[in-house]
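Given next are the chains, with one letter for each unit.
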Amino acid sequence: MMWNEEIETMSREDLKELQLKKLQKTVKQAFDKVPYYNKKYTDYGVFPEDIETLEDIEKLPFTTKDDLRSAYPFGMFAVDKKEIIEVHSSSGTTGKPVVSGYTQKDLDNWAEIVARGFKSFGIGDEDIIQNTHGYGLFTGGFGVHYGALKLGATVVPISTGQSRRQVEIMNDFGTTCLIFTPSYGLYLGEVALEEGIDPKEIGLKAIGFGAEMWTEEMRQNIEKKFNTKAYNIYGLTEIMGPGIGMECPAQNGLHIAEDFVYPEIIDSNTGKTLDEGTKGELVLTNIDREGMPIIRFRTKDITALHYDKCSCGRTFARMDRITGRADDMIKVKGVAVFPSQIEKALLKVSGVEPHYQIIVTRPGLMDEIEVKVEASPDIFSDAIKDMVQIQKKIGDYIQNEIGLAVKVTLVAPKSIPRTTKGKVQHVIDKRNLH
Ligand code: DLL
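Only a predicted model underlies this, so the values are computations on that prediction, with no experimental measurement involved.

Brief notes about the site of the ligand
Inspection of the region around the ligand gives 22 residues, with Asn-232, Ile-233, Thr-237, Asp-301 and Lys-331 positioned closest. Between the ligand and Lys-331 there is a distance of 2.8 Å, counted from an oxygen atom to a side-chain nitrogen or oxygen. Protein chains shield 95% of the accessible area of the ligand, which is 610 Å² for the free molecule. Elements with a contribution of two residues or more to the shell around the ligand: α6 (139–151) and β7 (230–235).

So this is what it looks like as structure tokens:
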């Protein structure tokens, strides 16, 4: 089943021609309208006319999360502010977050690619989609919502949390498609069983899941628990949101919406483009976005691209599921967290040393973060109640920075291992997600 067969099965030659036209237009639009690109390209000595083939994209410098952060809040917009009708936001590496802006046409296009994905999951206008992604600055809720509306399905915008109610609703309404992050999905399955409802019996036709890393074992677990296929959804705020890549029935990688987004894989260290099938860092370019075209964005996500025709008939490139990051960002409960954000919070509190360790676990089905921080020698021997107070203060600062509650433990001075060779390991992720 396809939403837009003509586009989704177009020949690679026609697709490349379309992508080149769109890329040329985008680079010109960015150069003319966005001071960031104008200055950067001028400094590099590369200009819109230099893009004569698709491969010429390699002449353009990369855009990083820090570049976007420096443009906070609206510096990357390529249209008048009044044309931007919605914004979303994600964590920055330090300090300010990144803002993503959309015009009406951008929202329509976003809905289009998500609708295509739903159709490839086998979901159509007769279905009931229960969307457990958060509605807010996170792109998950609204992106899925717009796609579901476009498809003509019935969307239940329940958002994350209220898990017992989620179960009641899926049972009473006869939900046929569930959208969740893998960790929340596993939890929801447990809650259903506790409530005496077997998720296998609900009659689901498909699950769409994404926003964080998972393993094939987790997928199998989810599929078994809910007795239906679970399809991967990939995306990121900077480029649009969910839907940039969505799986088809072959479940053999995610088809990238290549008429809107141009993918490349690079070697993270050298920046050189890598061949088809080689693992590296995914770089994405918006080739059809009015509000905020992002060119050669370094996603830091590790994957590989495949261009051979898929058994489903779609010709769009497929990306493997994400297996790692080229930086130290971690996703906890679907939220992007950078160690630098935690460090920033620690620096605000006196009595602690900037030596810390972030330990991420999944003791049951939910993620937990513990931050171990070294106390300074003069406070370490103080009364327990002072230590507890400092822990609470640190916890509050961190929560304010990352939006998640964490457990803080003050530990003895000099007890956190120092590195003797280069990089300190700030994050210990015990969830085994690779
Ligand atoms: O997570 C967009 C999204 C929402 C995707 C709902 C799918 C479903 P951000 O919060 O900006 O946006 O986080 C983007 O999350 O760079 C990846 O590291 C990670 N990520 C997203 N989807 C997947 C996935 C949304 N399917 C960052 N598998 C990305 C693994 C994923 N990691």
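Moving on, there is more to tell.
Details of the side chain of His-133
Within the secondary structure, His-133 is located in the loop between β3 (128–131) and α6. Not counting residues within four places of it along the chain, the set of residues in contact with His-133 comprises Phe-138, Gly-140, Gly-141, Val-144, Ser-159, Thr-160, Ile-179, Phe-180 and Thr-181.

As for the packing of aromatic side chains
Each aromatic ring pair is specified by the distance between its two centres and by the angle formed by the two planes. Scanning the model with the defined rule gives 13 aromatic pairs in all. Considering the side-chain rings of Tyr-37 and Tyr-41, the 5.6 Å spacing of their centres and the 55° angle between planes classify their relative orientation as tilted. Here Tyr-41 and Tyr-37 lie together in helix α3 (residues 35–44), a separation of 4 residues that amounts to about one turn. Tyr-41 gets classed as buried once you look at its relative accessible area, which sits at 1%. An aromatic cluster of three or more residues is present, and its members are Tyr-102, Trp-110, Tyr-135, Phe-142 and Tyr-146. For Arg-289, the ring lying beneath its charged end belongs to Tyr-102, and the centroid distance is 5.0 Å.

Quick notes on empty space enclosed by the protein
Evaluation of the coordinates by the stated rule reveals 3 cavities of 30 Å³ or more. The calculated volume of the largest cavity comes to roughly 130 Å³. Taken together, 13 residues form the lining of the largest cavity, with Glu-8, Ile-113, Arg-116, Gly-117 and His-255 sitting closest to its centre. Elements that contribute at least two residues to the lining of the largest cavity include exactly α5 (104–120), β8 (242–247) and β9 (254–256). It is α5 that provides the largest number of residues to the lining of the largest cavity, a total of 4 residues. Looking at the lining of the largest cavity residue by residue, the class counts come to 5 nonpolar, 4 polar and 4 charged. Reported here for the second largest cavity is a volume of approximately 40 Å³. In terms of lining residues, the second largest cavity is bounded by Leu-68, Ala-71, Tyr-72, Pro-73, Phe-74, Gly-75, Met-76, Phe-77, Val-98, Val-99 and Met-292. Grouping the amino acids of the lining of the second largest cavity by side-chain chemistry returns 10 nonpolar, 1 polar and no charged.

Focus on the nonpolar core
Proteins that are soluble and globular tend to have nonpolar side chains buried together. Judged by nonpolar contacts, the single largest core of 87 residues is most densely connected at Tyr-37, Met-76, Phe-118, Ile-129, Phe-180, Ile-207 and Tyr-234. Examining the composition of this core, we find that 6 residues originate from one element, α5, more than from any other. Sequence-distant contacts of Ile-129, defined by excluding residues within four places in its chain, comprise Phe-118, Ile-123, Ala-148, Leu-151, Ala-153, Thr-154, Val-155, Val-156, Cys-177 and Ile-179. In this structure, Ala-345, Ile-358, Ile-369 and Val-406 belong to the second largest nonpolar core, which totals 26 residues.

A word on helix α8 (residues 182–194)
Counted at 1.5 Å a residue, the expected span for α8 with its 13 residues is 18 Å, and the 19 Å between its end C-alpha atoms agrees. Among the residues of α8, those classed as buried are Pro-182, Ser-183, Tyr-184, Gly-185, Leu-186, Leu-188, Gly-189, Val-191 and Ala-192. Looking at the buried residues of α8, the elements they touch are α7 (163–173), β5 (177–180), β6 (206–210) and α9 (216–226). Positive phi shows up at Gly-196, right after α8, with a value of about 80°.

Looking at the layout of surface pockets
If you add up the space inside the second largest pocket, you get close to 330 Å³. As for the second largest pocket, its lining consists of 20 residues, and the residues nearest its centre are Glu-55, Tyr-262, Pro-263, Thr-273 and Tyr-307. Only α2 (12–33) and β10 (261–266) provide two or more residues apiece to the lining of the second largest pocket. Examining the composition of the lining of the second largest pocket, we find that 4 residues originate from one element, β10, more than from any other.

So, the pattern of salt bridges
Within the structure shown, the criterion is met by 33 salt bridges. Put simply, Glu-258 and Arg-12 hold a salt bridge, and the shortest N to O gap is 2.6 Å. Of the two residues, Glu-258 is situated in the loop between β9 and β10 and Arg-12 in helix α2; the sequence distance between them amounts to 246 residues. The exposure classification of Glu-258 matches that of Arg-12, with both residues buried.

Side note on the sheet that holds β10
Ordered in space as β10-β11-β12-β15, the 4 strands form an open sheet in which the pairing is antiparallel. Edge positions in the open sheet fall to β10 and β15 (324–325), since each of these has one partner strand only. For β10 and strand β11 (residues 280–286), the ladder comprises 6 bridges, and the chain directions are antiparallel. Residue pairing across strands places Ile-266 opposite Glu-281, the latter belonging to β11.

Cut-offs applied
Residues numbered from 1 in each chain as written. Predicted model: local features only at pLDDT ≥ 70, side-chain atom pairs only at ≥ 80, totals over all residues. Heavy atoms only, no water. Near = heavy atom within 4 Å. Polar contact = N/O pair within 3.5 Å; in protein donor to acceptor, adjacent residues only side chain to side chain. Areas by Shrake-Rupley, 256 points an atom, 1.4 Å probe, with all protein chains shown as cover. Helix = DSSP H or I, 4+ residues; strand = E, 2+ residues; numbered from the N terminus. Contact = heavy atoms within 4.5 Å. Phe/Tyr/Trp six-rings, centres within 6.5 Å; stacked < 30°, edge-to-face > 60°. Buried < 20%, exposed > 50% of the residue type's maximum accessible area, 1.4 Å probe, protein only. Lys NZ or Arg CZ within 6 Å of the ring centre and 35° of its normal. 1 Å grid on protein atoms, 1.4 Å probe; cavity = no way out; pocket = protein on both sides within 12 Å on 5 of 7 lines; lining within 4 Å. Points joined across faces, edges and corners; volume = space filled by probe spheres on them. Nonpolar A, V, L, I, M, F, W, Y, C, P; charged D, E, K, R; others polar. Core = buried A, V, L, I, M, F, W, Y, C linked by side-chain atoms within 4.5 Å. Expected span 1.5 Å × (residues − 1). Salt bridge = Lys/Arg side-chain N within 4 Å of Asp/Glu carboxyl O. Pairing = 2+ DSSP bridges.

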